[in-house]
Amino acid sequence: MKPMGTIPAEFQQAPLQIAGQTAEHWVKVASDTPLFVYDFGVIAARVAQFRSAMPERVKLHYAIKANPFASLLDAIAPLVDGLDVASGGELGIALQRKPAAAISFAGPGKRDDELTAAIQAGATINLESDGEWHRACALGDRLGIRPRVAVRVNPDFELRGSGMRMGGRATPFGVDADRAAPLIDSILASDADWQGLHIFAGSQTLDGTALIDALTGALALAERLADQVGAIPPLTNLGGGFGIPYFPGERAIDVTPIGQALGAALERSPLTGGFAIELGRWLVGESGVYLTRVVDRKESRGETFLVTDGGMNHQLAATGNLGTVVKRNYPVAVATAAPDAATETVSVVGPLCTPLDRLADRVTLPVAQVGDLVAVFMAGAYGLTASPAAFLGHPAPRELLVGTPGG
Ligand SMILES: Cc1ncc(COP(=O)(O)O)c(C=O)c1O
């Protein structure tokens, strides 16, 4: 038997309830499995937690890449101050929900047509290189529009304990800290509209002290750069990286001390511009439950397998194939099981013919039969759009946003 992560507090009942209704209810609403259900009440609670913990000066941006489901975006957009996008496609869906001035576009390899779309709309381009700056500048000249640009800085530190380090080393992301000042000088000398700095050190950290160090380190770096160029950044995006507990033994971060430490650092700071933190998974990850139906139950060499109608094609990360080296178990449950059901050790596998398609490896679950629903939690971020949905041609999963703020 192997351990699994802890089921989020909102979903710990048996049988499972999501926003006050059973899993079967939501499957009926959606008409079939596999199905992602996102509970908006959980998302709204995270936004409220952020607002009460962080200094008022710090704006909240949502990184759309975590979950771009249309209904979820409609619901979260009014709750946040900005949207961060990573492609022309994401820019398009963000522009339907926020004014361009509240949208920033980061990511290496932006094509000319993507830069053009951002310039025409008036979204901020987080420049990733000198080359990108020269292209944005030339495109702005051709269009007769001043591009709104910020400089993404590859910080000279990294986010400790991060699942995905994106700074403090040689990376394709941003301009190295020691080369940022000349780029800002060149922007200031042009007629482009300088929007400030974007400093993103990494993602998925559960270490509160490391997050404080990264956010205050980003602030200190912004102060140094402001000093070097003799101009205050209108907006300093301090990054993010707030993680969520996917695996056994992991604990949620406490945002209160992070807000207090950042508040103290901001009080001492000479920077008078605005600040933002951009978050994806911390806002939406725990809201999502992936529901898949057991289509077969079989024994092999003494082990029991529940074979479900969805797997890594929709929830790649839960199978351990997205950014993890060792497979550990996400929290899972038999959504249809009664509280007093007998348990057994089983593996939950999806329908793809690869041994990689394993949603849970030798976990203890209530005994399930063909027709039961299995729930995989922590499915609200980097689920469907971060999975190989076209692989083997199974039908696309359904998605539903349910619940209301506080309900
Ligand atoms: C620039 C940038 N912003 C935000 C995010 C969102 O990270 P998370 O979902 O872990 O908050 C990422 C993730 O890779 C990123 O690269």
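Remember, it's a predicted structure, so these values are computed and weren't measured experimentally.

Throughout the structure, instances matching the rule amount to eight aromatic pairs. Ring plane angle 25 degrees and centroid distance 6.0 Å describe the contact between Phe11 and Phe377, whose orientation is recorded as stacked. On the criterion of sequence distance, the pair formed by Phe11 in the segment before strand E1 (17-18) and Phe377 in the loop between strand E20 (373-376) and strand E21 (398-402) is long-range, its members being 366 residues apart. For the pair shown, Phe11 and Phe377 are each scored as buried. The interplanar angle of 70 degrees and the centroid separation of 5.6 Å between the aromatic rings of Phe247 and Tyr330 together place this pair among those described as edge-to-face. Of this pair, Phe247 sits in the loop between strand E13 (235-237) and helix H9 (255-268) while Tyr330 sits in the loop between strand E16 (303-308) and strand E17 (332-334), and the two are 83 residues apart along the sequence. Relative accessible area serves as the criterion here: at 5%, Tyr330 is assigned to the buried category. Positioned above the aromatic ring of Phe105, the side-chain terminus of Lys110 is 5.5 Å from the ring centre.

On to the side chain of Asp372. As for its placement among the helices and strands, Asp372 is situated in the loop between strand E19 (358-366) and E20. No salt bridge is formed by the buried Asp372, whose closest oppositely charged neighbour, Arg293, lies at an N-O distance of 6.8 Å. Only 2.8 Å separates the side chain of Asp372 from the side chain of Thr336, close enough to count as a polar contact. At a separation of 2.8 Å, a polar atom in the side chain of Asp372 contacts the main-chain amide nitrogen of Gln369. With near-sequence residues (within four places) excluded, Asp372 lies in contact with Thr292, Arg293, Val294, Val334 and Thr336.

What follows concerns the domain arrangement of the protein. Here the domain parsing of the protein yields domain 1 (9-38 + 285-402) and domain 2 (68-279). With 13 residues of domain 1 at the interface, the matching set in domain 2 holds 11 residues. Together domain 1 and domain 2 conceal approximately 1100 Å² of surface at their shared face, both sides included; 72% is due to carbon and sulfur atoms. Among the residues domain 1 hides against domain 2, the three largest losses belong to Arg328, Met378 and Leu401. Together they make up 39% of the total. Scanning the region where domain 1 abuts domain 2 turns up one salt bridge. Across the pair Glu250 and Arg328 runs a salt bridge whose closest N-O atoms are separated by 4.0 Å. At the boundary of domain 1 with domain 2, the tally comes to zero residue pairs in polar contact (both at pLDDT 80 or more). Among the elements that take part in the side of domain 1 that touches domain 2, E21 stands out by supplying three residues, more than any other.

With that settled, consider the pairing of E20. Of the two faces of E20, both are covered, the one formed by Leu373 and Ala375 as well as the one formed by Val374 and Val376. Here four bridges tie strand E15 (residues 288-300) to E20, and the two strands are oriented antiparallel to one another. Along E20, the bridge assignment pairs Thr292 with Val374. As paired strands, E17 and E20 are joined by three bridges and run antiparallel to one another. Within E20, the position partnered with Ala333 by the bridge is Ala375.

What describes two packed helices is the angle between their axes and the distance between those same axes. One can describe the packing of helix H4 (residues 88-95) onto helix H5 (residues 112-121) by two numbers: an axis separation of 9 Å at closest approach and a directional angle of 20 degrees. Viewed along their axes, H4 and H5 adopt a mutual orientation that is roughly parallel. H4 and H5 meet at a crossing whose hand is left-handed. On H5, the residues touching Gly88, Leu91 and Leu95 of H4 are Glu114, Ala117, Ala118 and Ala121. Here the residues of the contact of H4 with H5 are counted per class, giving five nonpolar, one polar and one charged.

Before going further, it helps to spend a moment on the nonpolar core. Counting 125 residues, the largest nonpolar core has Leu16, Tyr62, Phe242 and Leu291 as the members making the most contacts within it. For this core, the leading source of residues is helix H8 (residues 208-229), giving 11 residues. No fewer than three residues from each of domain 1 (9-38 + 285-402) and domain 2 (68-279) sit in this core. If sequence neighbours within four positions are ignored, Leu16 has contacts with Phe11, Gln21, Thr22, Ala23, Val289, Leu291, Ala335, Ala375 and Phe377.

So, about the environment of Ser71. Turning to its location among the elements, Ser71 is positioned in helix H3 (residues 70-76). What makes Ser71 partly exposed here is its relative accessible area of 32%. Between the C-alpha atom of Ser71 and that of Val47, which follows or precedes it by 24 residues, the distance is 17 Å.

Conventions adopted
Residues numbered from 1 in each chain as written. Predicted model: local features only at pLDDT ≥ 70, side-chain atom pairs only at ≥ 80, totals over all residues. Heavy atoms only, no water. Phe/Tyr/Trp six-rings, centres within 6.5 Å; stacked < 30°, edge-to-face > 60°. Helix = DSSP H or I, 4+ residues; strand = E, 2+ residues; numbered from the N terminus. Buried < 20%, exposed > 50% of the residue type's maximum accessible area, 1.4 Å probe, protein only. Lys NZ or Arg CZ within 6 Å of the ring centre and 35° of its normal. Lys, Arg positive; Asp, Glu negative; His and termini not counted. Salt bridge = Lys/Arg side-chain N within 4 Å of Asp/Glu carboxyl O. Polar contact = N/O pair within 3.5 Å; in protein donor to acceptor, adjacent residues only side chain to side chain. Contact = heavy atoms within 4.5 Å. Domains from an automatic or database assignment. Buried area = accessible area lost by both parts, 1.4 Å probe. Pairing = 2+ DSSP bridges. Axes fitted to C-alpha atoms, helices over the stretch in contact; angles between N-to-C directions. Parallel < 35°, antiparallel > 145°, perpendicular 65-115°, else oblique. Left-handed = near helix turned anticlockwise from the far one by under 90°. Nonpolar A, V, L, I, M, F, W, Y, C, P; charged D, E, K, R; others polar. Core = buried A, V, L, I, M, F, W, Y, C linked by side-chain atoms within 4.5 Å.

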